[in-house]
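For reference, the chains in residue letters:
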Amino acid sequence: MVEHSRRANIQVKCLLYQSTSISGKSQILFAIVFTTRYLDLFTNYISLYNTFMKVVYVASSYATVWMIYSKFKATYDGNHDTFRVEFLIVPTAILSFLVNHDFTPLEILWTFSIYLESVAILPQLFMVSKTGEAETITSHYLFALGIYRTLYLFNWIWRYQFEGFFDLIAIVAGLVQTILYCDFFYLYITKVLKGKKLSLPA
């Protein structure tokens, strides 16, 4: 009886973890983004804080990937996480060679990270769309990611007004990512904030 109870508890926990519908492929893309963006860790020292935060970003992104594919592998819903990430990596890699600020290895990799980050969320949105719904905690996670990028747009406006700083590549990439989130933002505001489960057309 005790053994059956334990098995039942394990099955319930697995179902709870699976319902979060976190895309491992999106997390891999984010790990690639931060790796290629912060390679200047080995060549450029700005400050202890700057170095620390870059290390945290890279380490946490790989730790997340490890937890999804190793520690919590049994609860990962790989059957619905089927987006072809090569359709994102290859075009953004080619674009980074064609459109960049300076044709040097670090600059091309930085540009690649900007382009890739703008579309890295697509596997996650595709997974939610394929399952048809997302748990509230997953919806909050996606909303936080979207707001994080949207706030970058306001940061760029501020810097342009007060510092004269203008980076067209980063701004266009930020606009693309914000546009990708528009439908999700609408559903989040109209459903999740009203206590309903977020559902997307499959």
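As a convention, each chain's residues are numbered from 1 in the sequence order in which they are written. With pLDDT at 70 or above as the cut-off, local features in this predicted model cover only qualifying residues; side-chain atom pairs require 80 or more to be listed or tallied, and sums for whole chains, interfaces and linings still use all residues. As a convention, hydrogens and water are excluded, and side-chain values are obtained from all of the structure's heavy atoms.

An unreviewed UniProt entry annotates the chain as ER lumen protein-retaining receptor of Hymenochirus boettgeri.

1. Regarding the overall build of the chain
Selection rule: Helix and strand assignments follow DSSP, with helices taken as H or I runs no shorter than four residues and strands as E runs no shorter than two, numbered in order from the N terminus.
Per the secondary structure count, the chain includes eight helices and two strands. Counting helices and strands in the order they occur from the N terminus, the chain gives α-α-α-α-α-α-β-α-α-β.

2. Focus on the nonpolar core
If you look at soluble globular proteins, the nonpolar side chains tend to sit buried side by side. Convention followed: Throughout this description, the term nonpolar core refers to a set of buried Ala, Val, Leu, Ile, Met, Phe, Trp, Tyr and Cys residues connected via side-chain atoms within 4.5 Å. Partly exposed describes any residue whose relative accessible area lies between the buried limit of under 20% and the exposed limit of over 50%, with all areas from a 1.4 Å probe on protein chains only and scaled to the type maximum.
In this structure, Leu-116 and Ile-121 are the most contacted members of the largest nonpolar core, which totals 23 residues. Among the secondary structure elements, those contributing two or more residues to this core are helix 2 (24–37), helix 5 (105–119), helix 6 (122–131), helix 7 (136–163) and helix 8 (168–190).

3. A closer look at the environment of Ile-22
Where we set the bar: When checking whether two residues touch, look at their non-hydrogen atoms; a contact exists if any pair is within 4.5 Å.
Assignment of secondary structure puts Ile-22 in the loop between helix 1 (2–18) and helix 2. For the pair formed by Ile-22 and Gly-78, sequence separation is 56 residues and the distance between their alpha carbons is 9.5 Å. Once you skip the residues sitting within four places of it in the chain, Ile-22 turns out to touch Gln-27, Ile-68, Tyr-76, Gln-124, Met-127, Thr-138 and Tyr-141.

4. Focus on the confidence of the model for the chain
Quick note on the threshold: pLDDT is a per-residue confidence score from the predictor, ranging from 0 to 100.
Averaged over all residues, the pLDDT of the chain equals 82, while 83% of them reach at least 70. Here helix 1 is the element of the chain with the lowest mean pLDDT, 42, and helix 4 (residues 86–98) is the one with the highest, 97. For the stretch residues 1–19, pLDDT sits under 50, and the model shows seven contacts to residues farther than four places along the chain or on other chains.

5. What about helix 7?
So the rule is basically this: Helices are assigned an expected span. That span is 1.5 Å times one less than the residue count.
Between its terminal C-alpha atoms helix 7 stretches 39 Å, which fits the 40 Å expected from 28 residues at 1.5 Å a residue. For helix 7, the full list of buried residues reads Thr-138, Ser-139, Leu-142, Leu-145, Gly-146, Arg-149, Thr-150, Leu-153 and Trp-156. Directly after helix 7, the chain includes Gly-164, whose backbone phi takes a positive value near 75 degrees.

6. A word on the UniProt feature "transmembrane region" (unreviewed entry) in the chain
The following threshold applies: UniProt positions are given in the numbering used here, feature names are shortened, and annotations may be inferred rather than shown by experiment.
According to UniProt, the "transmembrane region" (unreviewed entry) feature falls on residues 52–70, 107–128, 140–158 and 164–189. When the span residues 52–70 is considered, its composition is 100% helix and 0% strand, and the gap between its end C-alpha atoms is 26 Å.

7. Re the packing of aromatic side chains
The criterion, for reference: Side-chain rings of Phe, Tyr and Trp (the six-membered ring for Trp) are treated as a pair once their centres are within 6.5 Å; stacked means planes under 30 degrees apart, edge-to-face means over 60, and tilted covers the remaining angles. We call a charge positioned over a ring when the NZ of a Lys or the CZ of an Arg lies within 6 Å of the ring centre and within 35 degrees of the ring normal.
One pass over the full model with this rule turns up nine aromatic pairs. Seen in terms of ring centroids, Trp-158 and Phe-162 are 4.2 Å apart; in terms of plane orientation they differ by 35 degrees. Their pairing is tilted. Taken as a pair, Trp-158 and Phe-162 lie in helix 7 at a separation of four residues, close to a single helical turn. Neither Trp-158 nor Phe-162 differs from the other in exposure class; each is exposed. One aromatic cluster is present, built from ring pairs that chain together Phe-34, Tyr-38 and Tyr-57. Above the plane of the ring of Phe-165 lies Arg-159, whose end atom (NZ or CZ) is 3.9 Å from the centre.

8. Structural notes on the packing of helix 7 against helix 8
Note the cut-off: What counts as an axis is a line fitted to C-alpha atoms, over the stretch in contact for a helix, and the angles between N-to-C directions run from 0 to 180 degrees. An angle below 35 degrees is treated as roughly parallel, one above 145 as roughly antiparallel, one from 65 to 115 as roughly perpendicular, and anything else as oblique. Less than a right angle of anticlockwise turn of the near helix away from the far helix marks a crossing as left-handed, whereas a clockwise turn marks it as right-handed. Throughout this entry, Asp, Glu, Lys and Arg are counted as charged residues, while Ala, Val, Leu, Ile, Met, Phe, Trp, Tyr, Cys and Pro are counted as nonpolar. The remaining residues, Gly among them, count as polar.
Between helix 7 and helix 8, the least distance of the axes is 9 Å, while the angle of their chain directions is 140 degrees. Between helix 7 and helix 8, the interaxial angle falls into the category oblique. For the pair helix 7 and helix 8, the crossing hand works out as left-handed. Note on element contacts: helix 8 touches helix 7 through Ala-170, Ile-171, Ala-173, Gly-174, Leu-175, Gln-177, Thr-178, Tyr-181, Phe-184, Phe-185 and Tyr-188, opposite Ser-139, His-140, Leu-142, Phe-143, Leu-145, Gly-146, Ile-147, Arg-149, Thr-150, Leu-153 and Trp-156. Taken together, the residues of the contact of helix 7 with helix 8 sort by class into 14 nonpolar, seven polar and one charged.

9. Notes on a nonpolar patch on the surface
We count it as follows: A patch consists of residues whose relative accessible area exceeds 30% and which take part in no salt bridge; residues with like charges are grouped when within 9 Å of each other, and nonpolar side chains (Val, Leu, Ile, Met, Phe, Trp, Tyr) when within 5 Å. Shrake-Rupley sampling with a 1.4 Å probe provides the accessible areas, and residues are treated as covered by the protein chains on show and by no other component. Take a side-chain nitrogen of Lys or Arg and a carboxyl oxygen of Asp or Glu: if they are within 4 Å of each other, that pair is a salt bridge.
A surface patch of nonpolar side chains, about 710 Å² in accessible area, is lined by Val-90, Ile-94, Leu-95, Phe-97, Leu-98, Val-99 and Phe-103. The exposure class of Ile-94 is partly exposed, given its relative accessible area of 49%.

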